[in-house]
Protein chains: 2
Amino acid sequence: MPSGKVSVVGNGPGEPEHLTSRAREAIEQSDIVIGYKLYVDQVTGLIEGKEVVASAMGKEVERCRRAVSEAQAGKKVALISGGDPGIYGMAGLLLQVAGETDPAPEVEIIPGVTAAGAAAAVLGAPLMHDFAVISLSDLLTPWKLIEKRLRAAAEADFVIVLYNPRSRGRSDLLARAREIVLKHRQGSTPVGIVRAAGRKDQNQWETTLEEMTGCLEEIDMASLVIIGNSRTYWDNHRMITPRGYPL
Amino acid sequence: MPSGKVSVVGNGPGEPEHLTSRAREAIEQSDIVIGYKLYVDQVTGLIEGKEVVASAMGKEVERCRRAVSEAQAGKKVALISGGDPGIYGMAGLLLQVAGETDPAPEVEIIPGVTAAGAAAAVLGAPLMHDFAVISLSDLLTPWKLIEKRLRAAAEADFVIVLYNPRSRGRSDLLARAREIVLKHRQGSTPVGIVRAAGRKDQNQWETTLEEMTGCLEEIDMASLVIIGNSRTYWDNHRMITPRGYPL
């Protein structure tokens, strides 16, 4: 029997131009492609003629179990994950599910361009200094812990990257996050918001902590919010956090 | 006169297989390639016959000025940055230098696979939950601020990613960071260290906060240190931070 394998593939922001060669190769060489429907659709051009299992959000555990069992049956599996599979992606769950089996299949994690990196590139250079990445989704994390992390990051002047700014369609999570950060940072602090970063339907907003209330309703699950540190500024529509080089 | 442009290109961890299509294209279409020597050497295969300006570490400002002036003279410039140019990379400095000129040249930031993402993929899945990214380099940042951020990140149970764990050859910075984190986290907390992540000469260490003192001397500028949160564990040599899915 041929030995199977699961490749957890980061497809980056979604356009093929941001796919790495290794990710492309793993998809092309796979026997079966498994993923959340949106991400599978993003690699349509690479998977013609292959077996495809595209499922809905919320079916993460099922996708991982399927990937593991297909690999155990000898197939080369490409499990597609948005952005970088190692950052809030499928890498962890797949390793957990694989670790429960014996013998566990071979697993390769193939990194991709993160949502944070793609959004930062669109905005300018907001992540030139220390930053904290926080998901506002309270589906799997108690809100109290999310608040504690927001406070800590705000107090210590980290640039703050917010994933899942609208969890379960709730826009109040981001409004509450804003209130917490405002206790430690000026209202004039730059805030950059990018929707569908690196994709053709990309949108962006140039705002501040004070004024961002005006775009709260437009922010969705595909958006990423970056709040500057005390030295971040907007210059000609570019969000820049200086690293500190003397110029 | 043809209109010039600077593409700030993320070359990822260093092997061509982790380069994105967009990054490869920008390098191939450039008239001149500028970068820190190590990063330029990593893309040797793509730059044959091109004008190349490879310079030493510490020459960052000069490289950006050169890139801007070449673009103003009408050339397509590829400014190579390690990992993702937007994360402690060249994107910010280039935008600052370009912003001082009039008219400023066109600038495109092309994201790449980050050092953190590459290291995480090697270790398993340590970045499945909120994380803080901190550089231990005190060349441009006061050590007091670095300490404050380490304390905040440790207290709020962030996974902690340490860039530049050995600044100016000093191994005591990492030892001091470890002491700070140990005040808020168990000695048994998993620590993963990766040197030259995603490259052929890659090395990795599986350790804990308590035991990592044993490898402090082997850690260098090309290493990245990831300290788990209170729920991170090692399982069959994979570092996993659970996201919290019920299994």
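Everything discussed here concerns the structure shown above.
Residue numbers run consecutively from 1 along every chain, following the written order of its sequence. By the order in which they are written, chains take letters starting at A while ligands take numbers starting at 1. Owing to the predicted nature of the model, reporting of local features is limited to residues with pLDDT of at least 70; listing and counting of side-chain atom pairs is limited to 80 or more, with chain, interface and lining totals taken over all residues. As a convention, hydrogens and water are excluded, and side-chain values are obtained from all of the structure's heavy atoms.

**Considerations on the packing of helix H6 (residues 143–155) of chain B against helix H7 (residues 172–182) of chain B**
Between two packed helices, what matters for the description is the angle formed by their axes and the separation of those axes. Residues and elements named next belong to chain B. Orientation is described by axes fitted as lines to C-alpha atoms, over the contacting stretch for helices, and by angles from 0 to 180 degrees between their N-to-C directions. Each helix is a run of DSSP H or I of at least 4 residues and each strand a run of E of at least 2, with the numbering of both proceeding from the N terminus. Close contact between H6 and H7 brings their axes to 9 Å; oriented N to C, the two are set at 40°. Judged by the sense of rotation from one axis to the other, the crossing of H6 with H7 is right-handed. On H7, the residues touching Trp143, Glu147, Leu150, Arg151 and Ala154 of H6 are Leu173, Arg176, Ala177, Ile180 and Val181. Gly counts as polar in this scheme, as do all residues outside two lists: the nonpolar Ala, Val, Leu, Ile, Met, Phe, Trp, Tyr, Cys and Pro, and the charged Asp, Glu, Lys and Arg. Looking at side-chain class alone, the contact of H6 with H7 contains seven nonpolar, no polar and three charged residues. Two helices that cross are described as forming a left-handed crossing if the nearer one is turned anticlockwise from the farther one by less than a right angle, and a right-handed crossing if clockwise. When checking whether two residues touch, look at their non-hydrogen atoms; a contact exists if any pair is within 4.5 Å.

**A word on unusual backbone geometry**
All names here are of chain A. Following Asp102, the chain continues into Pro103 via a peptide bond in cis, with omega recorded as 0°. Secondary-structure assignment places Pro103 in the loop between helix H4 (91–99) and strand S5 (106–110). For Asn164, which is not a glycine, the phi torsion comes out positive at approximately 45°. In this fold, Asn164 is placed in the loop between strand S8 (159–163) and helix H7 (172–182).

**Some thoughts on the interface of chain A and chain B**
At the interface, 67 residues of chain A touch 67 residues of chain B. Summed over both partners, the interface of chain A with chain B comes to about 5,900 Å²; 62% of that surface belongs to carbon and sulfur atoms. Counting the surface chain A buries against chain B, the share from its top three residues, Arg149, Tyr245 and Leu247 of chain A, is 12%. A side-chain nitrogen of Lys or Arg and a carboxyl oxygen of Asp or Glu constitute a salt bridge if their distance falls within 4 Å. For the pair chain A and chain B, the interface holds four salt bridges. The partner of Asp157 of chain A in a salt bridge is Arg149 of chain B, and the shortest N-O contact between them spans 3.9 Å. As used in this structure description, the phrase polar contact means that two N or O atoms lie within 3.5 Å; if the pair is within protein, one of them must be able to donate a hydrogen and the other to accept it, and residues adjacent in sequence are counted only when both atoms belong to side chains. Viewed at the interface, chain B and chain A are joined by 32 residue pairs in polar contact (both at pLDDT 80 or more). A quick way to say it: buried area is the sum, across both parts, of accessible area lost when two parts are put together, with a 1.4 Å probe.

**Overview of the environment of Pro126 of chain A**
Residue and element names in this part refer to chain A. With respect to the helices, strands and loops of the structure, Pro126 is situated in the loop between strand S6 (124–125) and strand S7 (131–135). For Pro126, a relative accessible area of 0% gives the class buried. Each C-alpha atom of the pair Pro126 and Thr207 lies 13 Å from the other, and the pair is 81 residues apart in sequence. Leaving out residues up to four positions away in the same chain, Pro126 has contacts with Ala120, Val159, Ile226, Met239 and Thr241. Classification of residues uses two cut-offs on accessible area relative to the type maximum, computed with a 1.4 Å probe and protein chains only: under 20% is buried, over 50% is exposed, and between them is partly exposed.

**Digging into the pattern of salt bridges**
When the charged atoms of two side chains lie near each other, side chains of opposite charge can form a pair. Residues and elements named next belong to chain A. Tallied over the full model, the rule gives 43 salt bridges over all chains. A salt bridge links Glu147 to Lys144; the shortest N-O distance between them is 3.9 Å. Highlighted residues: Glu147 and Lys144, both in helix H6 (residues 143–155), separated by three residues, approximately one helical turn. On the accessibility criterion, Glu147 (16% relative accessible area) is buried. Residue Lys144 is classed as exposed on the basis of its relative accessible area of 66%. When salt bridges with common partners are traced through the structure, they connect Lys5, Arg22, Glu25, Glu106 and Glu108 into a single cluster.

**Examining the sheet that holds strand S7 (residues 131–135) of chain B**
Note: two strands are recorded as paired if DSSP finds a minimum of 2 bridges between them. The mixed open sheet is built from ten strands, whose spatial order is S10(A)-S9(A)-S11(A)-S8(A)-S7(A)-S7(B)-S8(B)-S11(B)-S9(B)-S10(B). A strand with exactly one partner marks an edge of an open sheet, and here the two such strands are strand S10 (203–208) of chain A together with strand S10 (203–208) of chain B. Shown here is a sheet whose adjacent strand axes are inclined to one another by a mean of 15°, direction ignored. Relative to S7 of chain B, S7 of chain A runs antiparallel, the two being bridged by three bridges. By the bridge assignment for S7 of chain B, Phe131 of chain A is matched with Val133 of chain B.

**Some points on the sheet that holds strand S13 (residues 238–240) of chain A**
Residue and element names in this part refer to chain A. With mixed pairing, three strands are arranged side by side in an open sheet as S6-S13-S12. Each having just a single partner strand, S6 and strand S12 (233–235) make up the two edges of the open sheet. In the sheet, S12 pairs with S13 via three bridges, with the strands oriented antiparallel. Note on S13: the bridge partner recorded for Trp234 is Met239.

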